[in-house]
Amino acid sequence: NAGVTQTPKFQVLKTGQSMTLQCAQDMNHNSMYWYRQDPGMGLRLIYYSASEGTTDKGEVPNGYNVSRLNKREFSLRLESAAPSQTSVYFCASSAGTTTTDTQYFGPGTRLTVL
Amino acid sequence: QKEVEQNSGPLSVPEGAIASLNCTYSDRVSQSFFWYRQYSGKSPELIMSIYSNGDKEDGRFTAQLNKASQYVSLLIRDSQPSDSATYLCAAGEPGGFKTIFGAGTRLFVKA
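Predicted model only: the values in this text are computed from it and were never measured.

Participant: Honestly, the packing of aromatic side chains in this entry has me stumped. Any pointers?
Facilitator: We describe a pair of aromatic rings using the distance from one ring centre to the other and the angle between the two ring planes. Inspection of every chain in the model, using the stated rule, returns 13 aromatic pairs over all chains. Centre to centre, the rings of Tyr35(A) and Phe101(B) are 5.5 Å apart; their planes meet at 85°, and the pair counts as edge-to-face. Remark: Phe101(B) occurs in strand β10 (residues 99–101) and Tyr35(A) occurs in strand β4 (residues 31–37); the pair is interchain, linking two chains. Across the pair, Phe101(B) and Tyr35(A) agree in class, each one buried. Residues Phe34(B) and Tyr36(B) carry aromatic rings whose centres are separated by 6.3 Å and whose planes lie at 40° to one another, so their mutual orientation is tilted. Accessibility classification places Phe34(B) together with Tyr36(B) in one group, the buried group. Here the aromatic residues Tyr33(A), Tyr35(A), Tyr48(A), Phe90(A), Phe105(A), Phe34(B), Tyr36(B), Tyr51(B), Phe97(B) and Phe101(B) are joined through ring pairs into a cluster of three or more.

Participant: How should the pairing of strand β11 (residues 109–113) of chain A be read in this particular structure?
Facilitator: The side chains of a regular strand alternate, residue by residue, between the two faces of the sheet. Residues and elements named next belong to chain A. Covered by surrounding structure in β11 are Thr109, Leu111 and Val113 only, the residues Arg110 and Thr112 on the alternate face being uncovered. Pairing of strand β2 (residues 10–13) with β11 involves four bridges; the strand directions are parallel. Following the sheet pairing, Val12 is matched in β11 by Thr112. Pairing of strand β9 (residues 87–94) with β11 involves three bridges; the strand directions are antiparallel. Its bridge partner lying in β11, Ser87 is registered against Leu111.

What counts as what
- Residues numbered from 1 in each chain as written.
- Chains lettered and ligands numbered in written order.
- Predicted model: local features only at pLDDT ≥ 70, side-chain atom pairs only at ≥ 80, totals over all residues.
- Heavy atoms only, no water.
- Phe/Tyr/Trp six-rings, centres within 6.5 Å; stacked < 30°, edge-to-face > 60°.
- Helix = DSSP H or I, 4+ residues; strand = E, 2+ residues; numbered from the N terminus.
- Buried < 20%, exposed > 50% of the residue type's maximum accessible area, 1.4 Å probe, protein only.
- Pairing = 2+ DSSP bridges.

None of this, on its own, says anything about what the molecule does.
In structure tokens form, the structure reads like this:
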């Protein structure tokens, strides 16, 4: 039982390049989340998905797109990376679809945009 | 904008002491609250969740919630060097899907 996995662990991009961050969970959870974490700031929600095919914008969705391919996988795409997107990205999942549920986090992707 | 505020620290306590971490939240109707621990370079992991006013104890950890004051705290008894980490306070948006995280308090436990 791997929990929440993310790939890649590290990535360096040049401004304007695109990439997709992958996330998968094996806990049969319904909800999945993408957060970014910047120094001195809390985790900020980028996108949320309650089920396959459904997504909702979080606090900071600009510059990102997501895809909930199936119940297990939730990907985050940067179409044209900018230095302001340098951050640590965490994927998380929770069993239900309410905010009373514990969220389980993946190990994170450390992204640098030059 | 809904916020969760924490003192960034660092909070330094000697081994064996009680560490007290505090948090305030702005959304009066929040009903679910969480404390996550995050070691440097790692992902957050849940320490405690609390939903009702009062205290909730789990081993060396006690979470306290006061909804009237919009205040959440975490007490760590018999602090150990392995407790040195950043502690994130979070409040769940009722009826929605957003959990608002504070920026975290860095705790150092000195051996």
